[in-house]
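Structure at a glance
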Amino acid sequence: MDVRHLISIEDVSVSWWDELYRQCCDIIARPGDYSLSCSGRVLATLFFEPSTRTNFSFQSAMMRLGGSVFGFSEPGATSTAKGETLADTVRMMSSYADAIVIRSPYEGAAMAASLYSEVPIINAGDGGHFHPTQTLADLTTISQKRGAVGNLNIGLCGDLLNGRTVHSLVLALSKFPNINYFLISPRELSIPDYMLTHLKNQNQKYIEITSLESTLPQLDILYMTRIQRERFADPKDYDRLKNVYILNRRKLMAAKEECLVMHPLPRLDEIARDVDDDPRAAYFEQARYGMFIRMALLLQMTHLERVAPGPAVSNTALRCTNPKCITATETYLPALARESDRESCAYCDKKMLTI
Amino acid sequence: MDVRHLISIEDVSVSWWDELYRQCCDIIARPGDYSLSCSGRVLATLFFEPSTRTNFSFQSAMMRLGGSVFGFSEPGATSTAKGETLADTVRMMSSYADAIVIRSPYEGAAMAASLYSEVPIINAGDGGHFHPTQTLADLTTISQKRGAVGNLNIGLCGDLLNGRTVHSLVLALSKFPNINYFLISPRELSIPDYMLTHLKNQNQKYIEITSLESTLPQLDILYMTRIQRERFADPKDYDRLKNVYILNRRKLMAAKEECLVMHPLPRLDEIARDVDDDPRAAYFEQARYGMFIRMALLLQMTHLERVAPGPAVSNTALRCTNPKCITATETYLPALARESDRESCAYCDKKMLTI
Amino acid sequence: MDVRHLISIEDVSVSWWDELYRQCCDIIARPGDYSLSCSGRVLATLFFEPSTRTNFSFQSAMMRLGGSVFGFSEPGATSTAKGETLADTVRMMSSYADAIVIRSPYEGAAMAASLYSEVPIINAGDGGHFHPTQTLADLTTISQKRGAVGNLNIGLCGDLLNGRTVHSLVLALSKFPNINYFLISPRELSIPDYMLTHLKNQNQKYIEITSLESTLPQLDILYMTRIQRERFADPKDYDRLKNVYILNRRKLMAAKEECLVMHPLPRLDEIARDVDDDPRAAYFEQARYGMFIRMALLLQMTHLERVAPGPAVSNTALRCTNPKCITATETYLPALARESDRESCAYCDKKMLTI
């Protein structure tokens, strides 16, 4: 099943994943066979917000396929800075490139881009909204280190309220069998209700808990995320809590021998450096697996036929009022409601208002 | 006939164009056959002034041939910023690259670069002077959409006084049979006298007119350009005129069914978005054709033999006093008069002064 | 003999050089045979300090082998700017790339990077410390122009006190037979004692002298470097001396007919432009040879096996107090003493202190 654009991890099925992962394994096994697979093909990277790591991962992935990359890594450099619309920038880029990777501080930017592009759009992060290829990297790491996704106790630790990466990973994991979620966070940063609702609807087993140390022994995977001071109303709460969620070698002694420690990176203090040399530390391999799964994704996406998009027409009388939605800045965009939920914005997924 | 450097559209003949265009058509027809044509070859891009669109077009063109690109996109990044001369920068770049694309705010910069380069120089814009590859993109679009250049009514609309793109296109079109020019502009921004002289000398048929709407029905091609507020002495004149030269769907109803609407891009308001979905809107395809003709150009230029340039020696006692001429900042450059007109500067084409 | 990382020119032997140079000669003779030698391989360039020329030389070298390059050219763009350690940045980059080129204002940065990289590290300049590939470029130029290194009178002229390039070249040349060194500099900028000690230990023949003109007639090679005004306590001394060390066509008349004039570039005023067209001026060819020898180096380095580095552990109780040493900013780095001299820092080679 072809996926034309990768906007959200929810766009893809387990069968699509299985096929992509098989491709990824073959690339890992015989990289030399792929060194000219994308020769003469070009990837455009539109980073309206800097992200060194994600940008380098896509660049190296495309280059390892023998393809090339052009684009910009911060908006200052772009004609957008000179008042060109996102639509026109995407039309131009799609006339030059075989696929487009886009990152933006605005929610729904990748979805908006897909309305005007003749080539596949890959979402590399749209504000606090989605970052599907990070989730693909996580699934690849789990599959490589454990043989398959499923039948595991996973601890998600840190800021579960704002952690885009965590939400996306949970949405993906809930499609696989027998996952137990240990949601480890301070109460101020516990996972949002709509995520809990999702877990309930999918009959997933989960518990919310504040202590990392007491949970660690049961985990097959510990997925760490950063806790940011500015998320706390009262800094004292932060100072009280921050050490609780720092993983170090001493705490790790309580973990299973085959437990995987994962982190989307970059890490600051939430994982002490004395953990790096522990065989359970998987976060650097995770970055490498992220590159390989992106190779599989780009191999597929850069070989799809060019398709001229139809006119973009509104399908709702409602209006999105989310100030972080791409429709707030690119005002010509048609108002679009989700097919599945006619009251939610198709760009940012927030509820819309009647005008 | 080989062209060593592409500085001005006047450097090339119709037969050179025909050959280049044949190559371009073959690339469009069988792109896969060219995906390794420039493998191991490198293009250097020297952008002393930013130009996202032109830069991306050259980059993607080179990459689609399997070649690579390095360089800078604004002068801050360069050793020129550290006081190196243009001559030394070009010598360095030409020792690393197989061809050089240069863009500069100074008139004659590309011509100056050609004096010190072992490899072909391609002018990607030297101040308000020349931008030959934009003209090649325009000719390619016309040829692709109409089968050939010639036998057409073309309307050139907007700022004809300052529009480098328009001047260059007119110089090129006047080499083809039976073109009628409709020069549509406010009086303040009508085409310069030397262009009218050129049209007369070439026995071209043209009229100057201020109304777009009355002219539209007769046109096979409408070439739109931007009108900038700052070009008007009195802003009120701008406000009075600006809407006259905005093309929208309503006005376009008066145009022929096969009329082509072209624009060098980026467009701001001069073409309303409601025109984009009209089959006559050719400005986005124009960008794509620009990439293909640049592929043909780079394929040719990056395969020429390296030639060490001889010493640069002056051929005149006159001095150029044009403050926008490259000789005004790169003072070591030899004073050079045009072969064809010993009183004009070979860099910027302006009249020189006796010292 | 494989060299895993190239940190200092002292890491390599004459036999390694001979092999590398043979490879370089074959690349120069048959470049087309190498246009896909690195297809699918990627080089990461970590420039924590800008250096257009070195950066472009590595980029074009990798690209001419059919390989690709990604990275950053100033620290602002990096996650390091966001507080990531050098160790983590290197781990990330080495998970994406097949080799890493690093330039930093801190001495020992490349050595530090080698402790955390799975792939070869190439030092492209670490503060005033080392720049080994510049020396490889110099040796290549001498070999190409004279057939071999050795049996020559070389004049090293300018700032011999601070000239990293000169120190590195002397260290390399002293491994070749029968070199006579003419160390031409103002007394304020004469070569450091440890270099003289080295020359004595290696039984090298040298003289220190202040006059360029009197020395010129005896030289087979004149290696020019820049003299910077800020190096002088009293600006008047600079004004008095600067012209003494400017090479121009008039002075060059006194030189042998086959004398080579070399310069690491960029040059400012120390070589007058009237020298550029003299057949003895080798400084532009030098840049081109630098690219070819880097091709040979990258061909070798990007084909080495990936090796996970062991834990980085300290081997000394001493502490480096050099404020320019990488250990001054990356404080987690283990204290390391040189194997050959247990009192010197393995990063910056300065003497360490007992704590």
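Chain A appears in an unreviewed UniProt entry as Aspartate carbamoyltransferase from Sporobacter termitidis DSM 10068. Taken directly from UniProt, the Sequence similarities (unreviewed entry) text for chain A runs: "Belongs to the aspartate/ornithine carbamoyltransferase superfamily. ATCase family." What the UniProt record of chain A gives under Pathway (unreviewed entry) is the line "Pyrimidine metabolism; UMP biosynthesis via de novo pathway; (S)-dihydroorotate from bicarbonate: step 2/3."

A word on the relation of the copies chain B and chain C. Overlaying chain B on chain C yields an RMSD of 0.1 Å, the required transformation being a rotation through 120 degrees with an accompanying axial translation of 0.0 Å. The symmetry that links the two subunits is that of a three-fold axis. Residues of chain B ranked by C-alpha distance from the rotation axis are headed by Ser68 of chain B, positioned 4.5 Å from it. Comparing interface residues between copies, only 4% of those in chain B also lie at the interface in chain C; the contact surfaces differ.

Segmentation of chain A into domains returns domain 1 (9-131 + 290-301), domain 2 (133-286) and domain 3 (315-355). For domain 2 of chain A versus domain 3 of chain A, the distance between C-alpha centres works out to 32 Å.

As a further point, take the relation of the copies chain A and chain B. Screw-axis analysis of chain A against chain B gives a translation of 0.1 Å along the axis, an RMSD of 0.1 Å, and a rotation angle of 120 degrees. The share of interface residues of chain A whose copies in chain B are also at the interface is only 4%, consistent with the copies meeting through different surfaces.

Now for the sheet that holds strand β8 (residues 221-224) of chain A. All names here are of chain A. Spatially, five strands are ordered β7-β6-β5-β8-β9 in an open sheet, and the strand pairing comes out parallel. The open sheet has two edge strands, β7 (205-209) and β9 (260-262), and neither has a second partner. Within the sheet, the average angular offset between the axes of one strand and its neighbour, ignoring direction, is 15 degrees. Where β8 meets β9, three bridges bridge the pair, whose relative direction is parallel. Residue pairing for β9: Leu222 is matched across the bridge by Val261. In the packing of helix α5 (residues 132-146) onto the sheet, contacts are made with β5 (152-157), β8 and β9, and the angle to β9 comes to roughly 165 degrees.

Below, the discussion takes up the UniProt feature "binding site: L-aspartate" (unreviewed entry) in chain A. Residue and element names in this part refer to chain A. Annotation from UniProt places "binding site: L-aspartate" (unreviewed entry) at Lys82, Arg164 and Arg226. Positionally, Arg226 belongs in the loop between β8 and α9 (235-241). We classify Arg226 as partly exposed; its relative accessible area is 27%. Apart from the residues lying within four places of it in its own chain, the contact partners of Arg226 are Asp159, His263, Pro266, Arg267, Leu268 and Glu270.

All names here are of chain A. Among the secondary structure elements, Tyr194 is positioned in helix α7 (residues 193-201). The class of Tyr194 is exposed, set by a relative accessible area of 54%. In the structure, Tyr194 is positioned 24 residues away from Gln218 in sequence and 26 Å away in space, judged by C-alpha atoms.

On to the interface of chain A and chain B, then. At the junction of the two partners, chain A supplies 27 residues and chain B supplies 22 residues. Taken together, the two surfaces of chain A and chain B that pack against each other cover about 2,100 Å², and 57% of this comes from carbon and sulfur. Summed over the shared surface of chain A and chain B, the number is four salt bridges. Inspection of the chain A/chain B interface yields six residue pairs in polar contact (both at pLDDT 80 or more). Where the side of chain A that touches chain B is concerned, the elements lending two or more residues are β2 (68-72) and α3 (86-96) of chain A. A total of six residues in the side of chain A that touches chain B trace back to one element, the largest contributor, which is α3 of chain A.

This model, assessed by the stated rule, comprises 20 aromatic pairs over all chains. Their ring planes at 20 degrees and their centres at 5.4 Å tell us that Trp17 of chain B and Tyr21 of chain B sit as a pair that is stacked. Placement of both Trp17 of chain B and Tyr21 of chain B in helix α1 (residues 14-29) is noted, with a separation of four residues, approximately one turn of the helix. By relative accessible area, which is 14% here, Tyr21 of chain B ends up buried. Both rings, one in Phe70 of chain B and one in Phe56 of chain C, keep their centres 5.2 Å apart while their planes meet at 55 degrees; by these two values the pair is tilted. Taken as a pair, Phe70 of chain B in strand β2 (residues 68-72) and Phe56 of chain C in helix α2 (residues 52-64) lie in two separate chains rather than in one. Chaining the aromatic ring pairs together yields one cluster made of Phe48, Phe70 and Phe72 of chain A together with Phe56 of chain B. One Lys or Arg, Arg294 of chain C, reaches over the ring of Phe58 of chain C and ends 4.8 Å from the middle of that ring.

Conventions and cut-offs
Residues numbered from 1 in each chain as written. Chains lettered and ligands numbered in written order. Predicted model: local features only at pLDDT ≥ 70, side-chain atom pairs only at ≥ 80, totals over all residues. Heavy atoms only, no water. UniProt positions renumbered as here; feature names shortened; annotations may be inferred. Least-squares fit on C-alpha atoms with pLDDT ≥ 70 in both. Contact = heavy atoms within 4.5 Å. Domains from an automatic or database assignment. Pairing = 2+ DSSP bridges. Helix = DSSP H or I, 4+ residues; strand = E, 2+ residues; numbered from the N terminus. Axes fitted to C-alpha atoms, helices over the stretch in contact; angles between N-to-C directions. Buried < 20%, exposed > 50% of the residue type's maximum accessible area, 1.4 Å probe, protein only. Buried area = accessible area lost by both parts, 1.4 Å probe. Salt bridge = Lys/Arg side-chain N within 4 Å of Asp/Glu carboxyl O. Polar contact = N/O pair within 3.5 Å; in protein donor to acceptor, adjacent residues only side chain to side chain. Phe/Tyr/Trp six-rings, centres within 6.5 Å; stacked < 30°, edge-to-face > 60°. Lys NZ or Arg CZ within 6 Å of the ring centre and 35° of its normal.

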